[in-house]
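Each chain is listed here by its residues.
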Amino acid sequence: MAATTGAEPPGESIFTWGAPPLKFGAGAVDEIGFDMAQYGARRVLILTDPRVNELGIPARVADSLARYGISSEIFDGCHVEPTDDSMDKAAGYAREQGPWDGFVAVGGGSSIDTAKAVNLLTTDEGGLMDYVNQPIGRGRAPQRQLKPLIAVPTTAGTGSESTAMCVLDVLSLRVKTGFGHWRLRPTLAVIDPLVSLTLPPEVTASAGMDIVCHALESYTARHYTTFERKQPEQRVTYCGSNPVSDLWCEKALALIASSFRTAVRDGADLEARSNMMLAATFAGMGFGNAGVHIPHANGYPIAGMVKDYRPRGYPQQEPMVPHGQSVSLTAPEAFRFTFPTAPERHLRAAALLAPGQETLNDPAEQLPSAVIGLMRDIGVPSGIGAVGYTEADIPDLVPGTMKQQRLLATCARPVTEEDIAGIFAASIQNW
Ligand SMILES: NC(=O)c1ccc[n+]([C@@H]2O[C@H](COP(=O)([O-])OP(=O)(O)OC[C@H]3O[C@@H](n4cnc5c(N)ncnc54)[C@H](O)[C@@H]3O)[C@@H](O)[C@H]2O)c1
Ligand SMILES: [Zn+2]
């Protein structure tokens, strides 16, 4: 508990932690009919993206629903890295074809986040920008009880199946942002490692780096006791690092250490795939409550201001920096910056992520070196230079980061524009 002298405002003494019930294991997808029937749903919308739809997983969900007398439709228009526009279109479709008693999201974070937005926009009042965080949106809190949402992740990455977050690109502002509220959290997460066997190595690598950043950022986040004391109505989803989130982050890092390289190299290795799916959910249960900080805050303008980078393994119609790449590119330098705030946590995280790593002369290098070693081995770009940015872009990137105050507030030390510019400059090429 934070010590107080009486003169200063008392520090926070309370943390919150939440997660949905989970169903995990091979074949879990085919039990969704039973699960949805428990909520009394009769008519359900399945949301997915075109590639995942072609794999036939949404059709299996529809079959399972039908076995329990639940009718369903498949909407396969979820945009990979969703935008305000794509979420509005999905919500428009759901409104026209509705009403629905529940939703099933089948896909990566893009489809799961789209389903969260559709659930909100078809149940509560207002438009997307009413809910997006200030200062980008109006930061309104959802008021109504949302419909049941079962989330079925097909990537091992975002952990969106267990978080209360929804992330999108606001096209007119060229900025990626998000919002969080406990009402957005899926009702049930159904995680079936078998559905991840078809992930291309590039998506495995990028989504896996998202897990790494979720775990490391929330483990090194500002401790919950160092925030100002809040009133119950002021509590936010991200409350800072706390003992329960820490447990999940540590376990996620150990799973990453044992299985990430194998999952990229040999996508058919079911044990490695299962461990990656577990790690993604575990890290989601960590960061989804503790919060993420600089690497994610930087990832938003890196993705939102993309030039003409088109990564292998992803849809090629539009340029994009996939979320997992965008958040990892400045991570090594960000952890050099945060090292003095909690050296022992950075060292412990490095030891979990790279168990056999030699002890370096400069302890501040231990974690950046573990992250860089992993990035090199799995073939993610070496820095923001490799996705198209130069020194000249830094003045444009910095304001995009500074807009992510919700995330920067979770950093364990104050962050200035100069700090962020320095982190971008040192991240043009990490090796
Ligand atoms: N809500 C949260 O808590 C949260 C957290 C982190 C990231 N995100 C968001 O999630 C999005 C990224 O999601 P993602 O990384 O999971 O990927 P994604 O949903 O964007 O999918 C990436 C690509 O992989 C394909 N794919 C998905 N599953 C597949 C499978 N089993 N086999 C073959 N191909 C498959 C998709 O069709 C797509 O082309 C971003 O918008 C990001 O900002 C959300
Ligand atoms: Zn992320």
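See the structure above.
Each value, and the rule that gives it
Residues numbered from 1 in each chain as written. Chains lettered and ligands numbered in written order. Predicted model: local features only at pLDDT ≥ 70, side-chain atom pairs only at ≥ 80, totals over all residues. Heavy atoms only, no water. Helix = DSSP H or I, 4+ residues; strand = E, 2+ residues; numbered from the N terminus. Rg over C-alpha atoms; globule rule 2.2 N^0.38 Å. Buried < 20%, exposed > 50% of the residue type's maximum accessible area, 1.4 Å probe, protein only. Contact = heavy atoms within 4.5 Å. Areas by Shrake-Rupley, 256 points an atom, 1.4 Å probe, with all protein chains shown as cover. Lys, Arg positive; Asp, Glu negative; His and termini not counted. Charge placed at Lys NZ, Arg CZ, Asp CG, Glu CD. Donors = N, O, S within 2.8 Å, 3.2 Å for Na, K, Ca; no water. Tetrahedral: all angles 85-135°; square planar, octahedral: opposite > 155°, others 65-115°. Near = heavy atom within 4 Å. Polar contact = N/O pair within 3.5 Å; in protein donor to acceptor, adjacent residues only side chain to side chain. Nonpolar A, V, L, I, M, F, W, Y, C, P; charged D, E, K, R; others polar. Phe/Tyr/Trp six-rings, centres within 6.5 Å; stacked < 30°, edge-to-face > 60°. Axes fitted to C-alpha atoms, helices over the stretch in contact; angles between N-to-C directions. Parallel < 35°, antiparallel > 145°, perpendicular 65-115°, else oblique. Left-handed = near helix turned anticlockwise from the far one by under 90°. Core = buried A, V, L, I, M, F, W, Y, C linked by side-chain atoms within 4.5 Å. Arc of directions from axis to C-beta.

J.: How would you explain the overall build of the protein if you had to name every residue and give the values?
T.: When helices and strands are counted, the protein shows 17 helices and 8 strands. Relative to the 2.2 N^0.38 estimate, which gives 22 Å for 431 residues, the radius of gyration of the protein is 20 Å and therefore close to what a compact globule would have. Structurally, the protein occupies a C-alpha span of about 65 × 55 × 40 Å along its principal axes. Here the protein, with 431 residues, has 58% of them falling under the buried criterion. Counted over contacts in the protein with a minimum sequence separation of 6, partners at least 24 positions apart contribute 79%. Accessible area for the protein stands at about 16500 Å²; split by element, carbon and sulfur atoms hold 52% of it. One way to put it: in the protein the 35 positive side-chain charges average out to a point 4 Å from where the 47 negative ones average out.

J.: Break down the coordination of the zinc ion (ligand 2) for me, with residues and values.
T.: As a benchmark, a tetrahedral metal site with four donors has ideal angles of 109.5 degrees, while an octahedral site with six donors has ideal angles of 90 or 180 degrees. For the zinc ion (ligand 2), the full set of protein donor atoms is Asp210 (OD), His214 (NE2), His296 (NE2) and His323 (NE2), at a range of 2.1 to 2.2 Å. Each of the 4 donor atoms around the zinc ion (ligand 2) contributes to a set of angles spanning 85 to 166°, which defines the coordination as irregular. Here the donor residues for the zinc ion (ligand 2) map to a single chain with the spacing D-x3-H-x81-H-x26-H. You can see Asp210 sitting in helix H7 (residues 201-219) and its partner His323 sitting in helix H11 (residues 323-328), a full 113 residues away along the chain.

J.: Lay out the site of ligand 1 in plain terms, naming residues and giving numbers.
T.: Around ligand 1, a shell composed of 31 residues is seen, among which Ser110, Thr154, Thr155, Thr163 and Thr198 lie nearest. Contact distances for ligand 1 include 3.2 Å between an oxygen atom and a side-chain N or O atom of Lys176. Between ligand 1 and Val195 there is a distance of 2.9 Å, counted from a nitrogen atom to a backbone nitrogen or oxygen. If ligand 1 stood free it would expose 870 Å²; the protein chains cover 98% of that surface. Mapped by element, the contributors of at least two residues to the shell around ligand 1 are helix H2 (50-54), helix H5 (109-123), strand S6 (165-170) and H7. The leading source of residues in the shell around ligand 1 is H5, at 4 residues. Among the residues making up the shell around ligand 1, the classes are represented as 13 nonpolar, 11 polar and 7 charged.

J.: Please set out the packing of aromatic side chains residue by residue, giving values where relevant.
T.: Under the defined criterion, the tally for this structure stands at 7 aromatic pairs. Their ring planes at 75° and their centres at 6.1 Å tell us that Phe34 and Tyr68 sit as a pair that is edge-to-face. Of the two residues, Phe34 sits in helix H1 (residues 32-38) while Tyr68 sits in the loop between helix H3 (57-67) and strand S3 (71-75), which places them 34 residues apart along the sequence. On the basis of relative accessible area, Phe34 is assigned to the partly exposed category, the value being 39%. Put simply, the rings of Trp17, Trp248 and Phe282 pair up and form one aromatic cluster.

J.: Can you break down the side chain of Ser218 residue by residue, with the values?
T.: Relative to the helices and strands, Ser218 is located in helix H7. Among the residues examined, Ser218 registers a relative accessible area of 1% and is labelled buried. A distance of 3.4 Å separates a polar atom in the side chain of Ser218 from the backbone oxygen of Ala215. Leaving out residues up to four positions away in the same chain, Ser218 has contacts with Cys213, Ser241, Cys249, Gly286, Phe287, Ala290 and Gly291.

J.: Could you give an account of the packing of helix H8 (residues 243-265) against helix H14 (residues 366-378), with specific residues and numbers?
T.: Where H8 meets H14, the axes come as close as 9 Å, and the angle between the chain directions of the two elements is 20°. Viewed along their axes, H8 and H14 adopt a mutual orientation that is roughly parallel. As H8 packs across H14, the resulting crossing turns out to be right-handed. Judged by residue contacts, Ile256, Phe260, Arg261 and Val264 of H8 engage Gly373, Leu374, Asp377 and Ile378 from H14. Taken together, the residues that form the contact of H8 with H14 break down as 5 nonpolar, 1 polar and 2 charged.

J.: Describe the nonpolar core, naming the residues involved and giving the relevant values.
T.: Counting residues in each nonpolar core, the largest one holds 92 residues, and the members touching the most others are Val104, Met209, Leu216, Ile256, Phe260, Ile294 and Leu353. Of all the elements, helix H9 (residues 270-290) adds the most residues to this core, at 9 residues. Those residues in contact with Leu353 that sit more than four places away from it in its chain are Val212, Leu216, Leu253, Ile256, Ala257, Leu367, Ala370, Val371 and Leu374. With 30 residues, the next largest nonpolar core counts Cys78, Ala90, Ala117 and Leu120 among its residues.

J.: Which residues make up H3, and what are the values?
T.: Listed in full, the buried residues belonging to H3 are Ile57, Pro58, Val61, Ala62, Ser64 and Leu65. The arc enclosing the buried residues of H3, seen along the axis, measures out at 165°, which places them on a common side. Considering only its buried residues, H3 is in contact with H1, strand S2 (43-47), H2, S3 and strand S4 (102-107). Downstream of H3 by a residue or two, Gly69 has a phi angle that is positive, lying close to 75°.

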